[in-house]
Amino acid sequence: MSRLEEHVDVGVPIDKAWDSLHRVEDYPRFVAGLRDARAEAGGRAHLDVEAGGRTRELDAELSDRGGERVMEWHTTSAPELTGSFSLQPIDRNHTRVQARIEYDAAAVRETFGGPKGFAQVNAIERLVRSDLEQFKEYVEQGR
């Protein structure tokens, strides 16, 4: 399994960033390749993803450690992905959003196609960084 950790500092209070992470239906606004997302009962989410010229439906389970401001998630279908978002206050009006993702690069390639090896890891890192920057823009504009 490969592990990726990235963060972005956003210019909003921690409560606003936390609430924004819980609006699953808004994820397509800041997650590249996500065509549709909807929250379902029991802490589940259904995602329609397009990547590498392929479209896939993924289901994920979400759980909170609210007192710690950590949202954990994992897919319940291939490819196996797990991750978390943890939020830390910087000051009253700024929050650090830390994303951690674990994935099997071969399984991601098999599911979505794309480059092999180091090129794929670089592509995934660029995608996650870009998604975090899009989240920053989304949450700071108060959408």
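Preceding this paragraph is the structure being described.
Thresholds applied
Residues numbered from 1 in each chain as written. Predicted model: local features only at pLDDT ≥ 70, side-chain atom pairs only at ≥ 80, totals over all residues. Heavy atoms only, no water. Salt bridge = Lys/Arg side-chain N within 4 Å of Asp/Glu carboxyl O. Helix = DSSP H or I, 4+ residues; strand = E, 2+ residues; numbered from the N terminus. Buried < 20%, exposed > 50% of the residue type's maximum accessible area, 1.4 Å probe, protein only. Polar contact = N/O pair within 3.5 Å; in protein donor to acceptor, adjacent residues only side chain to side chain. Pairing = 2+ DSSP bridges. Axes fitted to C-alpha atoms, helices over the stretch in contact; angles between N-to-C directions. Contact = heavy atoms within 4.5 Å.

Trainee: Which parts of the structure should I look at to understand the pattern of salt bridges?
Mentor: Pairing between side chains of opposite charge can happen when their charged atoms approach one another. Under the definition given, this model contains 14 salt bridges. One salt bridge connects Arg129 with Glu6, and the closest N-O pair in it is separated by 3.3 Å. Taken as a pair, Arg129 in helix α3 (residues 117-140) and Glu6 in strand β1 (residues 2-10) lie far apart in primary sequence, 123 residues in all. Residues joined in a network through salt bridges with shared partners are Glu6, Glu125 and Arg129.

Trainee: Just to check I follow, could you spell out the side chain of His46 for this structure?
Mentor: Residue position: His46 is located in strand β3 (residues 44-51). A relative accessible area of 7% means that His46 is categorised as buried. A distance of 3.2 Å separates polar atoms of two side chains, one belonging to His46 and the other to Glu57.

Trainee: Just checking my understanding: could you explain the environment of Gln141 for this structure?
Mentor: With respect to the helices and strands, the residue Gln141 is situated in the segment after α3. Sequence separation between Gln141 and Val12 is 129 residues; the distance between their C-alpha atoms is 9.6 Å.

Trainee: Help me understand the sheet that holds strand β4 (residues 54-65) in this model?
Mentor: By way of backbone hydrogen bonds, the strands of a sheet pair with one another, either parallel or antiparallel. The strand order across the open sheet built from seven strands is β1-β7-β6-β5-β4-β3-β2, with neighbouring strands paired in antiparallel fashion. A single partner strand is all that each edge strand has here, and the edge strands are β1 and β2 (34-40). Pairs of neighbouring strands in the sheet enclose a mean axial angle of 20°, with direction left out of account. Note: β3 against β4, eight bridges, orientation antiparallel. When the sheet's bridge partners are listed, Glu50 is paired in β4 with Thr55. Packed onto the sheet, helix α1 (residues 14-21) meets β1, β4, β5 (70-75), β6 (81-91) and β7 (94-103) and runs at close to 160° relative to β6.

Trainee: Any chance you could explain unusual backbone geometry here in plain terms?
Mentor: Note: most peptide bonds trans; most residues except glycine with negative phi. We note that Arg69 has phi near 60°; this positive angle belongs to a residue other than glycine. Positionally, Arg69 belongs in the loop between β4 and β5. Classification of Arg69 by relative accessible area gives partly exposed; the value is 22%.

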